[in-house]
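For reference, the chains in residue letters:
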Amino acid sequence: MAEPQIPTVDLSPFFTEDDEDGKNKAMEIITKACSEHGFFQIVNHGVPVELLQRALELSRVFFEYPSEEKLKSSAPPDAPLPAGYNTQPQQSPDKNEYLLMFPPGSSFNVFPQDPPQFKQVLEDVFSSLTKTAAVVETIVNQCLGLPPNLLKEFNNERSWDFMVALRYFPATESENNGLTQHEDGNCLSFVFQDDTGGLQVLRDGEWIPVIPTKGTLVVNLGDVIQVLSNNTFKSATHRVVRPKWRSRYSFAFFHNLQGDKWIEPLPQFAGNIGKPPIYRGFRYSEYQQLRLRNKTHPPTTPEDEIRITHYKISS
């Protein structure tokens, strides 16, 4: 197997007290990756590898059920958010089906009854990834040179976090798009995938494959970190290309932001250093509504799609 071109970081030093060299080495790799393209992989991240594998196995079982069985786990039409089982709209260029959940205990959640172990495994994965996200957020805070716990205190509401189990359909002879080129709108995203491949990150104008490695979590920064850091750290551009003849299974976890939060470049990266802000301020929920409209009412041209550049200040 080819060597991965996305940097891999060992997080084990952050779970011990006295490995400062290991922490510094990891932070150096993360800082470089986040400054250039916003993508890296982590190992020894605190989420049991067996749990990740079990989640992938059970999701494969669930998605192979007939549609009428899967639709029993769909949220009602008047639900405020599309929890439970869904497929992409017919007009969407993205070709996948998915099961979406919010934190364990959320009233929005709609879980499948079968396979019977699936609900517990989903909740266990969610809880584990929540802890890992807190660790990575603290590391990113350090890499940016921010005051201790600034990001943690800014992003202290976990009810908007969510996780998605995904099945991408096999490619056809005429098209292979699974998920169109995009950046995530949140703070941090985590992905674990089966051995099919297909996830790619844009680096220096070239699409780089993220080679599946058992037990590895892929991490990418989202638009919130890019705006807060005034483009010091980059929101990762990525896509999914579907292979022929087989489905692709993966999970994506989104360390999100509470909707009422106001986002603008932090003074540490703008006013305090005499650099003008690149983005005007905005409310997070407003941006998410615009991004959701991209999905429900796809624009006729890519240029019309709402991205974080919508808030960019003209120079």
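It should be emphasised that the depicted structure is a prediction, and the values quoted were computed from it without experimental measurement.

Analysis parameters
- Residues numbered from 1 in each chain as written.
- Predicted model: local features only at pLDDT ≥ 70, side-chain atom pairs only at ≥ 80, totals over all residues.
- Heavy atoms only, no water.
- Helix = DSSP H or I, 4+ residues; strand = E, 2+ residues; numbered from the N terminus.
- Rg over C-alpha atoms; globule rule 2.2 N^0.38 Å.
- Buried < 20%, exposed > 50% of the residue type's maximum accessible area, 1.4 Å probe, protein only.
- Contact = heavy atoms within 4.5 Å.
- Areas by Shrake-Rupley, 256 points an atom, 1.4 Å probe, with all protein chains shown as cover.
- Lys, Arg positive; Asp, Glu negative; His and termini not counted.
- Charge placed at Lys NZ, Arg CZ, Asp CG, Glu CD.
- 1 Å grid on protein atoms, 1.4 Å probe; cavity = no way out; pocket = protein on both sides within 12 Å on 5 of 7 lines; lining within 4 Å.
- Points joined across faces, edges and corners; volume = space filled by probe spheres on them.
- Nonpolar A, V, L, I, M, F, W, Y, C, P; charged D, E, K, R; others polar.
- Pairing = 2+ DSSP bridges.
- Axes fitted to C-alpha atoms, helices over the stretch in contact; angles between N-to-C directions.
- Salt bridge = Lys/Arg side-chain N within 4 Å of Asp/Glu carboxyl O.
- Parallel < 35°, antiparallel > 145°, perpendicular 65-115°, else oblique.
- Left-handed = near helix turned anticlockwise from the far one by under 90°.
- Expected span 1.5 Å × (residues − 1).
- Arc of directions from axis to C-beta.
- Patch = residues over 30% accessible without salt bridge, like charges linked within 9 Å, V, L, I, M, F, W, Y side chains within 5 Å.

A. Layout of the overall build of the protein. The secondary structure content of the protein amounts to 7 helices and 14 strands. For 315 residues, the compact-globule estimate of 2.2 N^0.38 gives 20 Å, and the C-alpha radius of gyration of the protein, at 19 Å, lies within 12% of that figure. In terms of overall dimensions, the protein has a C-alpha envelope of 60 × 50 × 40 Å along the principal axes. By the burial criterion, 49% of the 315 residues in the protein qualify as buried. Contacts spanning at least 24 positions in sequence make up 77% of the contacts within the protein whose residues lie at least 6 apart. Looking at the protein as shown, the accessible area adds up to about 15,200 Å², and 52% of this sits on carbon and sulfur atoms. Within the protein, one finds 30 positive and 39 negative side-chain charges whose respective centroids are separated by 3 Å.

B. Quick peek at empty space enclosed by the protein. Tallied over the full model, the rule gives 1 cavity of 30 Å³ or more. Roughly 80 Å³ of volume is contained in the largest cavity. Forming the walls of the largest cavity are 14 residues, and the residues nearest its centre are Phe192, Gln193, Thr213, Gly215 and Thr216. Secondary-structure elements contributing two or more residues to the lining of the largest cavity are helix 2 (49-63) and strand 7 (188-193). Here the lining of the largest cavity is composed, by residue class, of 7 nonpolar, 6 polar and 1 charged.

C. Inspection of the sheet that holds strand 9 (residues 206-209) at higher detail. Taken in spatial order, the 4 strands line up as 6-11-8-9 in an open sheet, and their pairing is antiparallel. With one partner strand each, in any of the chains shown, strand 6 (177-182) and strand 9 form the two edges of the open sheet. Pairwise comparison of adjacent strand axes, ignoring direction, gives a mean angle of 30 degrees for this sheet. With 3 bridges joining them, strand 6 and strand 11 (residues 238-241) adopt antiparallel strand pairing. Along strand 11, the bridge assignment pairs His182 with His238.

D. The pattern of salt bridges, seen in detail. Scanning all chains against the criterion turns up 12 salt bridges. Between Glu69 and Lys72 there is a salt bridge, and its shortest N-O distance comes to 3.1 Å. Residues Lys70 and Glu97 are paired through a salt bridge, measuring 2.9 Å at the closest nitrogen-oxygen approach. Taken together, the residues Lys70 in helix 3 (residues 67-70) and Glu97 in strand 4 (residues 96-101) connect sequence positions 27 residues apart. Since its relative accessible area comes to 4%, Lys70 is described here as buried. Look at Glu97 and you get buried, because its relative accessible area is 2%. Among the ionic contacts, a cluster of salt bridges with common partners joins Lys70, Glu97 and Arg167.

E. The packing of helix 2 against helix 4 (residues 118-143), seen in detail. Packing of helix 2 against helix 4 leaves a shortest axis separation of 10 Å and a crossing angle of 140 degrees. It follows that helix 2 is oblique to helix 4 by the angle criterion. Note that helix 2 runs across helix 4; the crossing there is left-handed. Contacts from Leu51, Arg54, Ala55, Leu58, Ser59 and Phe62 of helix 2 reach helix 4 at Phe118, Val121, Asp124, Val125 and Ser128. When the residues that make up the contact of helix 2 with helix 4 are grouped by side-chain class, the tally is 7 nonpolar, 2 polar and 2 charged.

F. Broad picture of helix 1 (residues 20-36). Taking 1.5 Å of rise per residue, 17 residues should cover 24 Å, and helix 1 covers 24 Å from first to last C-alpha, within 8% of that figure. Among the residues making up helix 1, those that are buried are Gly22, Lys23, Ala26, Met27, Ile30, Ala33 and Cys34. Summarising the axial view, the buried residues of helix 1 lie within an arc of 135 degrees, below the 170-degree limit, and thus occupy one face. Projecting away from the buried face of helix 1 at angles above 90 degrees are the exposed residues Asp21, Lys25, Glu28 and Lys32. The secondary structure elements touched by the buried residues of helix 1 are strand 1 (8-10), strand 2 (39-43), helix 4 and strand 10 (217-221). Looking one or two residues beyond helix 1, the residue adopting positive phi is Gly38, at roughly 80 degrees.

G. How the structure looks around a negative patch on the surface. A cluster of acidic side chains, namely Asp10, Glu17, Asp18, Asp19 and Asp21, defines a negative patch on the protein surface. Structurally, Asp10 is set in strand 1.

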